[in-house]
Amino acid sequence: MKENSADFEAFTSCEGRERCMHPLTMGDEYMKSYYGTQMPPPEGECNFKSEMADLELPAKCVLNHRYQILKVVGFGTFGKVWAAYDHLQQKEVAIKMMRLNESIYLDRELRINKFLSMLNYENECVLKYYDSFVCGKFFAIVIERAYHSILTFINYFDECVITPPLDLVKKIAYDILLGLKYLHSHGVIHADLKPENILADRPIFPYSKDVDAFHPLEDDPKSVTFKIIDFGNCSFVDDYNHQLIQTRDYRCPEVILGMDYTTAADIWSLGCIVYELVTTIQLFSPEPIPYRPDNGSGFWIYDSLHLSMIEGVVGIIPPEWASKGDNYKNLVDEKGNWIYADEEK
């Protein structure tokens, strides 16, 4: 067998070893090799518990006869992400693992990823999808390897008590706009744009000591590209998945009011992100205020306070427009004022 061949062959020197055939270590077989090199055994056993956060894959185990696990690189509401090495394409990738019972979120993410992959990704600011497969009770989505989110910049400059370089903020905003232009031109609404969902294509100093790490105070921002990730909440403009979208602090007024939304929802989120990058402070971050006892509810309410905060920045929201929302009547009193707004003042 030639070195770097795409096939794998049997080795006779390890015939005495047991083969690891766990359903989530498919391909990690001691009798096989990849690219002419015998694969090492995994560093431990797979551990599966009821919660995704407890899903463990040992380093060096190989999934789907192709992807060798390196380390955990991220967590999400519905999944966990590992860095892995693709022995077929000979490059590092990321693998997002989700439980099969998260079917609604999984179906959305897979549908959008496959749709975008068919367009051949003419845009470098959208994270690429490569592959997917089932592993036991889990579903794996193989995506382009990216690194730290722009939340690391916000935290870094906040801790240093210095102003972020304007050129860096411009580059991040420019790349996000390029990515959104691409998504919107194909009728896709991202619907969950936030700092955690914008990743750099290089490690970021000081969170990484790699020689290739991007230094936000020294390196040219043009040397790094920022990519939009996480398409599990996406929808097409003519096919809403659900009425409530976006993370609270980046949610647009029309969604809060229960109105139809468009691609403009993503632009609102982008505006909030840019403000946060420049100031390291969230533009809108409403604290919960309990319902008054006479409302007969013990739940916390954010919406009316959030809208009141928005008015403090952009001006009065026209009642004739806001009243078209399904939630409007629940957010105003008999005089048409936002309920609980006075309590914040």
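Up top is the structure.
Each value, and the rule that gives it
- Residues numbered from 1 in each chain as written.
- Predicted model: local features only at pLDDT ≥ 70, side-chain atom pairs only at ≥ 80, totals over all residues.
- Heavy atoms only, no water.
- Helix = DSSP H or I, 4+ residues; strand = E, 2+ residues; numbered from the N terminus.
- Buried < 20%, exposed > 50% of the residue type's maximum accessible area, 1.4 Å probe, protein only.
- Areas by Shrake-Rupley, 256 points an atom, 1.4 Å probe, with all protein chains shown as cover.
- Salt bridge = Lys/Arg side-chain N within 4 Å of Asp/Glu carboxyl O.
- Core = buried A, V, L, I, M, F, W, Y, C linked by side-chain atoms within 4.5 Å.
- Contact = heavy atoms within 4.5 Å.
- 1 Å grid on protein atoms, 1.4 Å probe; cavity = no way out; pocket = protein on both sides within 12 Å on 5 of 7 lines; lining within 4 Å.
- Points joined across faces, edges and corners; volume = space filled by probe spheres on them.
- Nonpolar A, V, L, I, M, F, W, Y, C, P; charged D, E, K, R; others polar.
- Pairing = 2+ DSSP bridges.
- Axes fitted to C-alpha atoms, helices over the stretch in contact; angles between N-to-C directions.
- Parallel < 35°, antiparallel > 145°, perpendicular 65-115°, else oblique.

**Some words on the overall build of the chain**
Across its full length, the chain carries nine helices and 14 strands. Per-residue burial over the chain gives 49% buried out of 345 residues. Of the roughly 17,300 Å² of accessible surface on the chain, 52% is carried by carbon and sulfur atoms.

**Focus on the pattern of salt bridges**
For the structure on display, the rule yields 12 salt bridges. Here D230 ties to K96 by a salt bridge, and the two come within 3.7 Å at their closest N and O atoms. Of this pair, D230 sits in the loop between strand 11 (226–228) and strand 12 (235–236) while K96 sits in strand 6 (residues 91–99), and the two are 134 residues apart along the sequence. When the shortest N-O distance is used, the salt bridge between R202 and D212 registers 3.7 Å. On the criterion of sequence distance, the pair formed by R202 in the loop between strand 10 (198–200) and strand 11 and D212 in the loop between strand 10 and strand 11 is long-range, its members being 10 residues apart. Salt bridges here are not isolated pairs; linked through shared partners, they connect E124, K128, E144 and K227.

**What about unusual backbone geometry?**
Between F205 and P206 the backbone carries a cis peptide bond, its omega angle lying at 5 degrees. At A191, a position not held by glycine, the phi torsion is positive, near 75 degrees. In this structure, A191 sits in the loop between strand 9 (188–189) and strand 10. Its relative accessible area of 0% is what places A191 among the buried residues. Even without glycine at this site, T280 takes up a positive phi of about 65 degrees. Relative to the helices and strands, T280 is located in the loop between helix 5 (264–279) and strand 13 (289–290). Accessibility expressed as a relative area gives 18% for T280, which makes it buried.

**Overview of the nonpolar core**
Formed by 61 residues in total, the largest nonpolar core has its most connected members in F153, F226 and W338. Top element by residues in this core is helix 3 (residues 166–185). It accounts for seven residues. With residues up to four places along the chain from it excluded, the contact list for F153 reads L168, I172, I204, F214, P216 and F226. One finds I69, W82, A84 and V93 within the second-largest nonpolar core, a separate group that totals 16 residues.

**Some words on the layout of surface pockets**
Considering only enclosed or pocket space, the largest pocket measures out at about 1,100 Å³ in volume. Lining the largest pocket are 43 residues, with F75, E196, N197, L199 and I229 sitting closest to its centre. Those elements giving two or more residues to the lining of the largest pocket turn out to be strand 4 (67–75), strand 5 (80–86), strand 6, helix 1 (103–118) and strand 8 (138–144). The dominant element in the lining of the largest pocket, judged by the number of residues it contributes, is strand 4, at four residues. Of the residues that constitute the lining of the largest pocket, the class distribution is 16 nonpolar, 13 polar and 14 charged.

**Here's the deal with the sheet that holds strand 5**
Taken together, six strands build an open sheet; the order of strands is 3-4-5-6-8-7 and the sheet is antiparallel. Because the sheet does not close on itself, it has two edges, and the strands there are strand 3 (62–63) and strand 7 (129–135). In this structure, strand 4 lies alongside strand 5, joined through seven bridges in antiparallel fashion. Bridge pairing in strand 5 places F75 opposite K80.

**Topic: the packing of helix 3 against helix 5**
Where helix 3 contacts helix 5, the axes come no closer than 10 Å and their chain directions differ by 170 degrees. In this view, helix 3 runs roughly antiparallel relative to helix 5, as classed from their interaxial angle. Two secondary-structure elements touch here, helix 3 through V169, I172, A173, I176, L177, L180 and H184 and helix 5 through D266, I267, L270, V274, L277 and V278. Residues belonging to the contact of helix 3 with helix 5 are distributed by class as follows: 11 nonpolar, one polar and one charged.

**Brief notes about the environment of L217**
Checked against the element boundaries, L217 lands in the loop between strand 10 and strand 11. Judged by relative accessible area, L217 falls into the partly exposed class, the value being 42%. Each C-alpha atom of the pair L217 and F157 lies 9.9 Å from the other, and the pair is 60 residues apart in sequence. Among residues more than four places away in sequence, those in contact with L217 are Y156, F157, I162 and P165.

**Focus on the pairing of strand 7**
Most of strand 7 sits inside the fold, with five of its seven residues counted as buried. Relative to strand 8, strand 7 runs antiparallel, the two being bridged by six bridges. Directly across from S132, in strand 8, lies its bridge partner I141. Linking two consecutive strands that pair antiparallel, namely strand 7 and strand 8, is a turn of two residues; a positive phi of about 60 degrees is found at G136 within it.

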